[in-house]
Structures are given as C-alpha cells and as structure tokens.
Amino acid sequence: MGKKTMTLIDNRNGKHYEYPILEGSRGPAAVDMRSFYRDSGMFSYDPGFTSTASCRSEITFIDGEKGELRYRGIPIEELATGHSYLEVCHLLLEGKLPTEEELTALDLELRHRAFLPESLVKLFETMPDNAHPMSTLSAGATALSAFYYEHLKLESDEDYREMAHRIIAKMPTLAAFAYRHSLGATYIYPDIDRSFTENFLYMLRAYPGGKLHRDPSGPREIKPIEVQALDTIFTLHADHEQNASTTVVRSVASTGAHPYVAIASGIAALWGRAHGGANESVIEQLRMIGSVENVDKFIARAKDPKDPFRLMGFGHRVYKNFDPRARILKTLQDQLVEELDLDTELMRIARRIEEIALSDEYFIKRKLYPNIDFYSGIILTALGLPRSMFTPVFVIGRTVGWVAQWIEFRKSPEAKIARPRQLYIGK
Ligand SMILES: CC(=O)SCCNC(=O)CCNC(=O)[C@H](O)C(C)(C)COP(=O)(O)OP(=O)(O)OC[C@H]1O[C@@H](n2cnc3c(N)ncnc32)[C@H](O)[C@@H]1OP(=O)(O)O
Ligand SMILES: O=C([O-])CC(=O)C(=O)O
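Residues numbered from 1 in each chain as written. Chains lettered and ligands numbered in written order. Predicted model: local features only at pLDDT ≥ 70, side-chain atom pairs only at ≥ 80, totals over all residues. Heavy atoms only, no water.

Per an unreviewed UniProt entry, the recorded name for the chain is Citrate synthase, and the organism is Nitratifractor salsuginis. The UniProt entry for the chain carries the following comment under Pathway (unreviewed entry): "Carbohydrate metabolism; tricarboxylic acid cycle; isocitrate from oxaloacetate: step 1/2." (UniProt positions renumbered as here; feature names shortened; annotations may be inferred.)

Rendered as structure tokens:
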C-alpha cells in the first residue's frame, strides 16, 4: 500500500500541493507544514507564537487543559514528593532516574564543581553597590563562557556532561555571590561537605569563617526541612518546555554560540515580570494589597481594561487550569506554616485572591488560574530569602532545563537557525 498523502491548497492562487502524512499524526498538523510554506512561499503570522511549535522535544510534557506536567514522562507530583532535585537533574539530562551509584557520582561531581574561578570573583566588584542579583548573575554566567571556552566545541557525551554539570554546579555560587555583593557582604565559598541545596542556603547565610548560629536576628542554622522545601522548589522550576526563556536559549543555541552565553540570555529573559520575575512582583503586590479587606478593590482593578494593573502570579499561556506546580506549593505552604513561621497574613490575602478570582466571571472566561509564581514567594520569604533573590532561585532550578533543552537542540538533526519572518507594514 502506498504512503497516505494530504493535499494542501494555496487559496491565493488555488495551487495544490501534496505531502506525505506524518506517521502517527492526526488532525491538521498531519503533514510537515514547513514543506508547504517553503514550496508555496506562504508563512503564518503568529505574534507571541501562540500556536507555533518550534521544535520536537522528548523532555517535558504539558497538558494545559488538564493542568498536567511531566518530566520525561513522570508526573511532577511524583517527582516533587518522591525524588530529590539532583535525581530530577539526572532525569532531565540523561532521560532516566539515576541508580544509587549514579546519584552519588552526580552529587560528588556537583560539590566539586561548585567553586568559581578566582578571577571571576573580581567581576562582582565591578558591579555597582546594590546591583540587582539578576544583573550580576546574568553577567556571571556570560563570564563563565570565557573561562570555559572549550565548551564551544562539544564532541563526546562526556563533553556535553561536563559542560552541563559545570554550569548547574556553579549557578548557586554565582547567585549567592551576586546577593552578597548587593549587600556589600563578604563572599562565602561553597562547603564541600554540604549538599547542592544546603550549600546554597549556607552561602547566603553564613558569616565569614563559615559560622552559622541560632540568633534570630542574624544568620541562622539550616534546618533539614528548609533544605527539603527549597529542593522541592528547585524541582518544580526545573523545566517547562518552550517557555520564553527556554525559547531564547534555543534561539541563541541555533546560531552556534557558546552554551553558557545561551543560558545567560535565558537568565535575562526570565527576569521580566511576565515570566520568572513575577515571583518577586507577587510578594510586592500582596504587601501592597495589605489586608484581606482590600482584595476586592484590587480584583476590580485587574478586571478593568483601562487599568494596566494585572494580578501577578495569575494566568498562563499554556495552562487553562490550575498550574500543577502552584497546587504543590500551596500544599507545601500548609505543611510548613508552623515549622517555618510563614507569613499567615500574606497567605490569607493570597487565598482570598484565589477564592474570588476562581469564582469570578472575568477570570473564569479567560481561564486565569494561579501559576507557579503565585505561591513560591511566601515560602522563600520564610526561608529567609529577600525578594530580589526569588528570581535567582528560579534560575538555579531552571538551569538544568535550559541545559537539557540546549543539548537536545544541538543534537537534533532538525536544528536550524531561529529566524522567523515578518509582515512588513512600512513604506
Ligand atoms: C513562570 C512563568 O512565567 S508563569 C507566568 C508568570 N507571569 C505572571 O504571573 C504575570 C501575570 N500574567 C500575565 O501577564 C499573563 O497571564 C501571561 C504573560 C502569563 C500570559 O499571557 P498571554 O497568554 O499572552 O495572555 P494575555 O496577556 O493575552 O491574556 C489573555 C486575557 O487575560 C487577561 N489577563 C491575563 N493575565 C491576567 C492577569 N494576571 N490579571 C488580569 N488579567 C489577566 C488579559 O488582560 C487578556 O484579557 P482580554 O482577552 O480581555 O484582553
Ligand atoms: O511555560 C511558561 O510559559 C512559563 C512557565 O510557567 C515556566 O517557564 O515555568
């Protein structure tokens, strides 16, 4: 039996084009549309890429209507409750969860690679006092490309692994140094005896000499429950298919640039309020709302088309249902409320917003639900992180996703330079 084909018609001139139906496909995407666009000279106009797939990927699956998320086929709920962030890193990079030996090897490798080249540390000194940690972090990631220029040419799987592990391991150190620089505080170097996640809290909290103490007004002991909560937060942020920052990472990859520069570009893209920067804005907004009694007033503002005010942490391009990560964070908040002394007033405001929004015609019609950024800030605050470090935490968690997507792109036989067309409307 011959291959099945589909006929597409260019309705500008009635010309017919015939293409083989892709194996296993159903519906309108059954043929490779690129052939049609190429042969007919047509292209689609899709600002914001609302319905354009830029790649095929095996890494992350989202069903936005149902509110489902899976990394390499495993539901996020299972990963967040039953596996560590390092296991998730292995899963994303290698396509499977690690054995015990593989996990130990990855853990040791990341501990050893957490240190920054000493002269890179001087870069932080060139930044203005009070620089936002996201500026410094993005500059630091770019600078790494100069120190590890050899990663421009990757040949073996081992080369790819080394490149990936190096940047994943160094990102918490870059973020912690960026933060300490913004305070004018002495840098605390990674402690090889501490795990990936604990080390980050340690580098943020310790005094020079590495001491931690129980003084509630100063750096405090790191509780295992804090490490576990932050580890879960890293897992929830680890990947999210072709979001804006990952799209930037893949676009930069498509020109053949250094992987660490692509990741620095991802950091820049993540910073904006419409994307990862929303986690910082949510807390600002909850504080601005101030009390449960004021919630209605701000909901009314969010609905007013003439008012630019938007509810931060609400809405998502793909989820037309509750973001499953927000659900997990909400449960985590309930579990931590006593032990971590969460800000219950902010929690009450957040829950009231959610309650009103989910029963309001405006939000229902537009399918606007809380996203991951809505609930993360309250937990991060209880962990002692200032607002300016919320998006850097997102960066630390997401670095593995960016790297995995970069590698998938570079190894794909379909990889092409990212180069959309435009509709010219000028003279
Ligand atoms: C990790 C992440 O990146 S998750 C996203 C984090 N960002 C935020 O939380 C910021 C607030 N949310 C938003 O700005 C948007 O919902 C985005 C950027 C996340 C998604 O944007 P898009 O998919 O392009 O949706 P778009 O902006 O077209 O919104 C669709 C409609 O919902 C409304 N809407 C979307 N989000 C909100 C919101 N947070 N508050 C009030 N109204 C909203 C829009 O005004 C628009 O209404 P209209 O149809 O009457 O014009
Ligand atoms: O997928 C998106 O558009 C944004 C998002 O939730 C993420 O990057 O985690």
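1. Concerning the overall build of the chain
Tallying secondary structure elements over the chain gives 18 helices and five strands in all. Taking 22 Å as the expected radius of gyration for a compact globule of 427 residues, we find that the chain reaches 23 Å, a close match to that expectation. Dimensions of the chain along its principal axes, counting C-alpha atoms only, are 75 × 55 × 50 Å. Burial analysis of the chain (427 residues in total) assigns 50% to the buried set. If you sum the accessible surface of the chain, you get close to 21100 Å²; carbon and sulfur atoms cover 52% of it. Considering the chain, the positive charge centre built from 53 side chains and the negative charge centre built from 57 side chains are found 7 Å apart. (Helix = DSSP H or I, 4+ residues; strand = E, 2+ residues; numbered from the N terminus. Rg over C-alpha atoms; globule rule 2.2 N^0.38 Å. Buried < 20%, exposed > 50% of the residue type's maximum accessible area, 1.4 Å probe, protein only. Areas by Shrake-Rupley, 256 points an atom, 1.4 Å probe, with all protein chains shown as cover. Lys, Arg positive; Asp, Glu negative; His and termini not counted. Charge placed at Lys NZ, Arg CZ, Asp CG, Glu CD.)

2. Things to note about the site of ligand 1
The environment of ligand 1 is made up of 20 residues, and the closest members are His275, Arg310, Leu311, Gly313 and Phe314. His275 is positioned with one of its side-chain polar atoms (N or O) 2.7 Å from an oxygen atom of ligand 1. Taking Asn371, its side chain carries an N or O atom lying 3.0 Å from an oxygen atom of ligand 1. Coverage of ligand 1 by the protein amounts to 70% of the 920 Å² it exposes when considered alone. Considered class by class, the residues forming the shell around ligand 1 number 10 nonpolar, five polar and five charged. (Near = heavy atom within 4 Å. Polar contact = N/O pair within 3.5 Å; in protein donor to acceptor, adjacent residues only side chain to side chain. Nonpolar A, V, L, I, M, F, W, Y, C, P; charged D, E, K, R; others polar.)

3. Description of the packing of aromatic side chains
Applying the stated criterion across every chain, the model contains 19 aromatic pairs. Pairing Tyr85 with Phe196 gives two aromatic rings, centres 5.5 Å apart and planes at 35°, and the pair type is tilted. Pair noted here: Tyr85 is in helix H3 (residues 85-94) and Phe196 is in helix H8 (residues 196-205), with a separation of 111 residues, a long-range link. Side by side, Tyr85 and Phe196 carry an identical accessibility label, which is buried. Taken together, a centroid distance of 6.5 Å and an interplanar angle of 50° make the contact between Tyr160 and Trp406 tilted. (Phe/Tyr/Trp six-rings, centres within 6.5 Å; stacked < 30°, edge-to-face > 60°.)

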